[in-house]
Amino acid sequence: MTVADIIIENGRLITFGGGTGRAEAIALAEGHILAVGTNAAVRETKGPDTRVIDAQGKTVLPGFIESHIHLFSGGLELAMLDLSTSHDAETVASRVREYSAQQPDAPVLYAIGAHYDLLGAGRPIDRHGLDRVMPDRPFAVMAADHHTLWANTPALELAGILHGATVPEGSEIVMGADGLATGELLEAGAYEYVLATTASGGRDLLGMTTGNDPVPSATPEQRAADKAILRAGLRHLAKTGVTTFHNMDGNFYQLELLSEIEAEGDLLCRGQVPFHFKNYDPIDRLDEAAEMQRRYNSDWLWSGRLKLFHDGVVESGTAAMLRPYPNWPDSTGAPLFTPEQFNEICVRADEMGLQISVHAIGDAAVRGTLDGYAAARAANGARDSRHRIEHIEVLHPDDLPRLRELDVVASMQPLHAPWGGLFAPSDEGQILHEDQKPLAYACQTIRETGVPMIFSSDWPVVPVEVLPSIGAAVAPKHLGGNWTDQRQNLRDALESYTAMGAYAEFNESKKGRLVPGMFADLVILSDDLDSVALKDVGKASVQLTICGGRVTYDAGVA
Ligand SMILES: [Zn+2]
């Protein structure tokens, strides 16, 4: 009989397996789950060298599957000036000046996490405002949602875009009446000029901005620096209990670096990296996605998925809407693909056996994405494709049943919703029409139609810590008005971070549940969630993470 490498006992296991779905103890051997059951039954697998960990009555769960992150930029931003709690120019100025003193050699002072009221409520963020905050050095600040970068005049000059530049469809260097850039750079095609001047040369965001590899190729020093960033990101994921991540930007470069990290024994989580297809890419680039899938297909690092952006975000008016925004009566935003182009990509990718994941926030982008999936099904027949839609922030009632009909996986982020408590709801009548609110960020409404629901943070858009996201889902802020109650039950919310994540990646037979034979990926929490009030679930944390039978994070319990 196989002897356990590790036994965890006295736990309150939530297994998502058969029966009651509960157990006391679990044994791990050779990277897999060996046994699950009572303390006594599991102890049968104990040998002389078995490490026994006492879970002390705390919740034990399958390892978290974070189904939408950006590892490279997340890892990089761990060390950057975070302005997410700053909402007035005075605070920003003092923090940026302090940062400037700490970073005498940085070519650009780069900050992250900005909300749209960074310089004060109702005050636009532009180069003049940022010049007052930091007049003498190039300074740029990324929006929390990563769809807008704001730059001061020296940063625009350094990037060579003060007088504008050509940018791809869907991106915009906003120009002022004086003929100069205002400092507001909408979407990656506009802000990549500034990123290229930063210390990391923008390599961290290449998988997002273009999906291409660095040109010229990264030097050995740059590769080493980039690997250190990815390692920091992986350590951070392990700390929050993540054992698998689904990256949402991608290029060959990131996969190369991650596979080197794997060979060096430092890959602390399993990860999938997609091929990022842009609206200006010729359809034949799908062959590169197939090549990516052929080259990377292990249980630890794999591809096989396509990522596309169908629109931007509501806050900047770049989300594609079926009718004009209340506060921008001339604008609906614009889908980034024409229907013909998008449908052709979906048909071809689906035929090639690739999974598709599409960023779609506005109701027009969601509809366009559903149309593409329907076109793929019409052309190729119904297959088990598990195509995903990321975000689904605004949904037209006619499209609600189509998610289920087309077997779409809904990938949503509880902390992005105004009821998540992190982002304030936009002022009345500003961004959403009243009749759009009932189906905005409608996680529970969508779940109730039978759609597989997966949760994530979209790190670094919001912190990657899993329990705060689950806390937001089970104890949402009450918004009133036409906002509907999207409260999830705890079991569903946990499943959306475990078993459903495994389903979304076609790995439900390998992970996402605590049953014998599955990968030894699990977490021990700081609390017994069954005895914690729902409003306090978000305060729980991870005490121990095991991935592939190896302890990847230990807060000191073992
Ligand atoms: Zn994202």
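Everything below is about the structure printed above this text.
So, here's what we can say about the structure.

1. Comments concerning the sheet that holds strand β26 (residues 550–554)
Pairing between the strands of a sheet is mediated by backbone hydrogen bonds and can be parallel or antiparallel.
Then, number 1: Spatial ordering of the open sheet is given by β3-β2-β7-β24-β25-β26, a layout of six strands whose pairing is mixed. Unpaired on one side and paired on the other, β3 (22–23) and β26 mark the two borders of the sheet.
Then, number 2: Pairing of strand β2 (residues 12–14) with strand β7 (residues 59–62), which is carried by two bridges, proceeds in the parallel orientation. Counted as the bridge partner of Leu 13 is Val 60 from β7.

2. Focus: the side chain of His 146
Then, number 1: Inspection of the secondary structure assignment puts His 146 in the loop between β11 (139–143) and β12 (148–151).
Then, number 2: Within polar-contact distance, the side chain of His 146 engages the side chain of Glu 77 at 2.8 Å.

3. Some details on the nonpolar core
Then, number 1: Among the nonpolar cores identified, the biggest contains 147 residues, and Phe 64, Phe 139, Leu 185, Leu 258, Ile 446 and Ile 470 are the most heavily contacted of them.
Then, number 2: Setting aside residues up to four positions removed in sequence, Leu 258 forms contacts with Leu 71, Leu 230, Leu 234, Phe 245, Leu 267, Val 273 and Leu 301.
Then, number 3: Core analysis: the second largest hydrophobic core is formed by 18 residues, Ile 8, Ala 23, Leu 28 and Ala 55 among them.

4. Remarks on the sheet that holds strand β17 (residues 275–276)
Then, number 1: Read across the sheet, six strands follow the order β17-β19-β20-β21-β22-β23 without closing on themselves; strand pairing throughout is parallel. Of all strands in the sheet, those bounded by a partner on one side alone are β17 and β23 (453–455).
Then, number 2: Of the pairings in the sheet, the one linking strand β22 (residues 409–412) to β23 comprises three bridges and is parallel in character. The residue of β23 that forms the bridge with Met 412 is Phe 455.

5. Some thoughts on the packing of aromatic side chains
Then, number 1: Scanning the entire structure with this criterion turns up six aromatic pairs.
Then, number 2: Seen from their ring centres, Tyr 116 and Trp 150 are 5.4 Å apart, and the 85° between their planes marks the pair as edge-to-face. Taken together, the residues Tyr 116 in the loop between β10 (109–114) and α4 (127–133) and Trp 150 in strand β12 connect sequence positions 34 residues apart.
Then, number 3: Classification of Tyr 116 by relative accessible area gives partly exposed; the value is 30%.
Then, number 4: Among the residues examined, Trp 150 registers a relative accessible area of 2% and is labelled buried.
Then, number 5: For the ring pair Phe 455 and Tyr 497, a centre distance of 6.4 Å and an interplane angle of 65° mean the geometry is edge-to-face. Placement of Phe 455 in strand β23 and of Tyr 497 in the loop between α16 (490–495) and α17 (499–504) is noted, with a sequence separation of 42 residues between them.
Then, number 6: For Phe 455, a relative accessible area of 0% puts it in the buried group.
Then, number 7: Owing to a relative accessible area of 0%, Tyr 497 belongs among the buried residues under this scheme.

6. As for the environment of Ala 502
Then, number 1: Its location among the elements puts Ala 502 in helix α17.
Then, number 2: Judged by relative accessible area, which is 0%, Ala 502 ranks as buried.
Then, number 3: With 359 residues separating them along the chain, Ala 502 and Ala 143 place their C-alpha atoms 31 Å apart.
Then, number 4: Filtering out sequence-adjacent residues up to four positions away, Ala 502 remains in contact with Ile 65, Asn 507, Glu 508, Lys 511 and Gly 512.

Procedures and definitions
Residues numbered from 1 in each chain as written. Predicted model: local features only at pLDDT ≥ 70, side-chain atom pairs only at ≥ 80, totals over all residues. Heavy atoms only, no water. Pairing = 2+ DSSP bridges. Helix = DSSP H or I, 4+ residues; strand = E, 2+ residues; numbered from the N terminus. Polar contact = N/O pair within 3.5 Å; in protein donor to acceptor, adjacent residues only side chain to side chain. Core = buried A, V, L, I, M, F, W, Y, C linked by side-chain atoms within 4.5 Å. Buried < 20%, exposed > 50% of the residue type's maximum accessible area, 1.4 Å probe, protein only. Contact = heavy atoms within 4.5 Å. Phe/Tyr/Trp six-rings, centres within 6.5 Å; stacked < 30°, edge-to-face > 60°.

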